[in-house]
Amino acid sequence: MSLMPWHAYDTSSHGYFESYEKLQFARTHRAFLRYLPLPGGKCLDVGAGSGRDAAALARRGYQVTAVEPSIGLRTLAMRAHPDPRIHWIDDSLPELNVVMGLGERYDFILLSAVWMHIPSPQRKLALRRLIQLLSDGGRLAMTLRLGEPSPERVMHTVSVEEILTLANELGLTIIYKSRINKDSLKRNSVAWRKIVLSTSLRV
């Protein structure tokens, strides 16, 4: 039986939690700050991990739905960030069935270090789901992990070209594309690209 992509996050929850909590939202996602909605908007953090980003968004005045399928990480995150503006959910891409069932639309969706866990054949469905969850003119911010896969985790190769092709096919507008960024955890074999996509206003 194949392992779920988040199996390693359950077996080594404390290590990943401590590693993620060392980084600051405003620094790690500085390029995304200009794309955040007005205070009071709704945000969806898919693959919320330690809760670092969800908590930062809540402190900025947003209502945040935080999706994390690893029970180990989710338990630690809820304990560390007990903010009533964060609604924690056990769910995962590509379907996001639980989130879809809420009937909400989000002004800003964050996928930080998530896309590499989704197999390439499932990525079009995943992006379509995210589009369905975006509000009119909403923004989808993604970090794409480049480099060698981690041997202890289930990962798949990603590329900027692939996500931009999918975005064009599904009618998303590309509003930001970063250069290659060094890894915040100082891993020489890992680099990142940041992408922000937006929906057009629905008529």
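The structure this text deals with has already been given above.
The rules behind the values
- Residues numbered from 1 in each chain as written.
- Predicted model: local features only at pLDDT ≥ 70, side-chain atom pairs only at ≥ 80, totals over all residues.
- Heavy atoms only, no water.
- Helix = DSSP H or I, 4+ residues; strand = E, 2+ residues; numbered from the N terminus.
- Rg over C-alpha atoms; globule rule 2.2 N^0.38 Å.
- Buried < 20%, exposed > 50% of the residue type's maximum accessible area, 1.4 Å probe, protein only.
- Contact = heavy atoms within 4.5 Å.
- Areas by Shrake-Rupley, 256 points an atom, 1.4 Å probe, with all protein chains shown as cover.
- Lys, Arg positive; Asp, Glu negative; His and termini not counted.
- Charge placed at Lys NZ, Arg CZ, Asp CG, Glu CD.
- Salt bridge = Lys/Arg side-chain N within 4 Å of Asp/Glu carboxyl O.
- Core = buried A, V, L, I, M, F, W, Y, C linked by side-chain atoms within 4.5 Å.
- Arc of directions from axis to C-beta.

Caption draft 1: Focus on the overall build of the chain. Within the chain one finds eight helices and eight strands. Since a compact globule built from 203 residues should have a radius of gyration of about 17 Å, the 16 Å found for the chain is in line with a globular shape. Here the C-alpha coordinates of the chain stretch approximately 45 × 40 × 35 Å along the principal axes. Within the span of the chain, comprising 203 residues, buried residues form 53% of the whole. When contacts within the chain are restricted to residue pairs at least 6 apart in sequence, those whose partners lie at least 24 apart make up 68%. A total of about 10,200 Å² of accessible surface is found on the chain, and carbon and sulfur atoms cover 52% of it. Computed over 27 positive and 19 negative side-chain charges, the inter-centroid distance for the chain is 7 Å.

Caption draft 2: Representation of the pattern of salt bridges in the model. Applying the stated rule across the entire model yields six salt bridges. Among the salt bridges present, the one from Asp53 reaches Arg52, with a minimum N-O distance of 2.8 Å. Asp53 sits in the buried class, given a relative accessible area of 5%. The shortest N-O distance in the salt bridge between Arg85 and Asp83 comes to 3.0 Å.

Caption draft 3: Seen up close, the side chain of Arg52. Residue placement: Arg52 occurs in helix H4 (residues 52–59). Since its relative accessible area comes to 12%, Arg52 is described here as buried.

Caption draft 4: Region of the structure containing the nonpolar core. With 34 residues, the main nonpolar core has Leu93, Ile109, Leu111, Trp115, Leu127, Leu130 and Leu140 as its most contacted residues. Secondary-structure elements contributing two or more residues to this core are strand E1 (42–46), strand E4 (106–112), helix H7 (123–133), strand E5 (134–147), helix H8 (160–169) and strand E8 (190–198). For Leu130, the contacting residues outside a window of four places in its chain are Val46, Leu93, Leu96, Ile109, Leu111 and Leu140. Grouped together as the second largest cluster of nonpolar side chains are 23 residues, Phe32, Leu36, Ala66 and Ala141 included.

Caption draft 5: Up close: helix H2 (residues 13–21). Those residues of H2 not exposed but buried are Ser13, Tyr16, Phe17 and Ser19. Buried positions in H2, seen along its axis, are confined to an arc of 165 degrees and lie on one side of it. Residues of H2 that are exposed and point more than 90 degrees away from the buried face comprise His14 and Glu18.

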